[in-house]
Amino acid sequence: MLIENAERFGISQLHQLRGRVGRGEHPSRCLLIAPPDSRGSARLRALVQHADGFRLAEIDLALRREGELVGTRQSGFGQFQVACLPEDACLLELARARAEAIVDADPELRAPEHALLGGELERKLGGEALQPITA
């Protein structure tokens, strides 16, 4: 398989395409063609060095940053003020567990101790942020 302009693809896309060749009985190759000075060279080097999709996802996160958790931006500098992915994944897991406990106990954040949190969510994400998500 020959992929021209490989710098225009994401790591996951290239990893999936690469996985499509070499499944049969005959030897195969996946060639990635990109300009030598392309911005995607770090991604392409990662593909050459790693075949593990989970490791490639970590590298992609480190290169592109996490983008928005709520919104449409898929890359860029993160919105966190106290954590940086993937380095602080343990801290974020603890925060998630605490947030789930709060929402389980007070889904509409009406308790006095949750008033500031509810107000900040509404300010940042709009009035519908506190509404239940319908299935």
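Residues numbered from 1 in each chain as written. Predicted model: local features only at pLDDT ≥ 70, side-chain atom pairs only at ≥ 80, totals over all residues. Heavy atoms only, no water.

**Description of the nonpolar core**
Then, number 1: Counting nine residues, the largest nonpolar core consists of I3, A6, I11, L14, L44, A46, L47, L56 and I59.
Then, number 2: Looking at this core, the elements that each hand over two or more residues are α1 (11-19), α2 (41-49) and α3 (53-64).
Then, number 3: Beyond its immediate stretch of four places on either side in the chain, L14 contacts I3, A6, F9, L32, L44 and L47. (Core = buried A, V, L, I, M, F, W, Y, C linked by side-chain atoms within 4.5 Å. Buried < 20%, exposed > 50% of the residue type's maximum accessible area, 1.4 Å probe, protein only. Helix = DSSP H or I, 4+ residues; strand = E, 2+ residues; numbered from the N terminus. Contact = heavy atoms within 4.5 Å.)

**Looking at the side chain of D106**
Then, number 1: Structurally, the position occupied by D106 is in the loop between α4 (89-105) and α5 (115-125).
Then, number 2: No salt bridge is formed by the buried D106. Its closest oppositely charged neighbour is R110, at 6.3 Å.
Then, number 3: A polar side-chain atom of D106 sits 2.8 Å from the main-chain amide nitrogen of A111.
Then, number 4: Beyond its immediate stretch of four places on either side in the chain, D106 contacts A111 and H114. (Lys, Arg positive; Asp, Glu negative; His and termini not counted. Salt bridge = Lys/Arg side-chain N within 4 Å of Asp/Glu carboxyl O. Polar contact = N/O pair within 3.5 Å; in protein donor to acceptor, adjacent residues only side chain to side chain.)

**Things to note about the pattern of salt bridges**
Then, number 1: Within the structure shown, the criterion is met by five salt bridges.
Then, number 2: A salt bridge links R96 to E100; the shortest N-O distance between them is 3.1 Å. Of this pair, R96 and E100 both sit in helix α4, four residues apart, which is roughly one turn of that helix.
Then, number 3: With a closest N to O distance of 2.7 Å, E120 and R123 form a salt bridge. In this pair, E120 and R123 are both assigned in helix α5, three residues apart and thus about one turn of the helix distant.

**Observations concerning unusual backbone geometry**
Then, number 1: You will see that N5, though not glycine, has its phi angle at about 55°, which is positive.
Then, number 2: Relative to the helices and strands, N5 resides in the loop between β1 (2-3) and α1.
Then, number 3: The exposure class assigned to N5 is partly exposed, which follows from its relative accessible area of 37%.
Then, number 4: The residue L109 is not glycine, and still its phi comes out positive at about 50°.
Then, number 5: Its place among the elements puts L109 in the loop between α4 and α5.

**Things to note about the packing of α1 against α2**
Then, number 1: Contact pair α1 / α2: the axes reach a minimum separation of 10 Å and the direction vectors enclose 35°. Crossing hand, α1 versus α2: right-handed. Each of I11, L14, H15 and R18 in α1 lies in contact with α2, whose residues at this interface are R43, L44, L47 and V48.
Then, number 2: When grouped by side-chain class, the residues that make up the contact of α1 with α2 number five nonpolar, one polar and two charged. (Axes fitted to C-alpha atoms, helices over the stretch in contact; angles between N-to-C directions. Left-handed = near helix turned anticlockwise from the far one by under 90°. Nonpolar A, V, L, I, M, F, W, Y, C, P; charged D, E, K, R; others polar.)

**Quick word on a nonpolar patch on the surface**
Then, number 1: A surface patch of nonpolar side chains, about 280 Å² in accessible area, is lined by L2, L31 and I33.
Then, number 2: Relative to the elements of secondary structure, L2 occurs in strand β1.
Then, number 3: A relative accessible area of 52% means that L2 is categorised as exposed. (Patch = residues over 30% accessible without salt bridge, like charges linked within 9 Å, V, L, I, M, F, W, Y side chains within 5 Å. Areas by Shrake-Rupley, 256 points an atom, 1.4 Å probe, with all protein chains shown as cover.)

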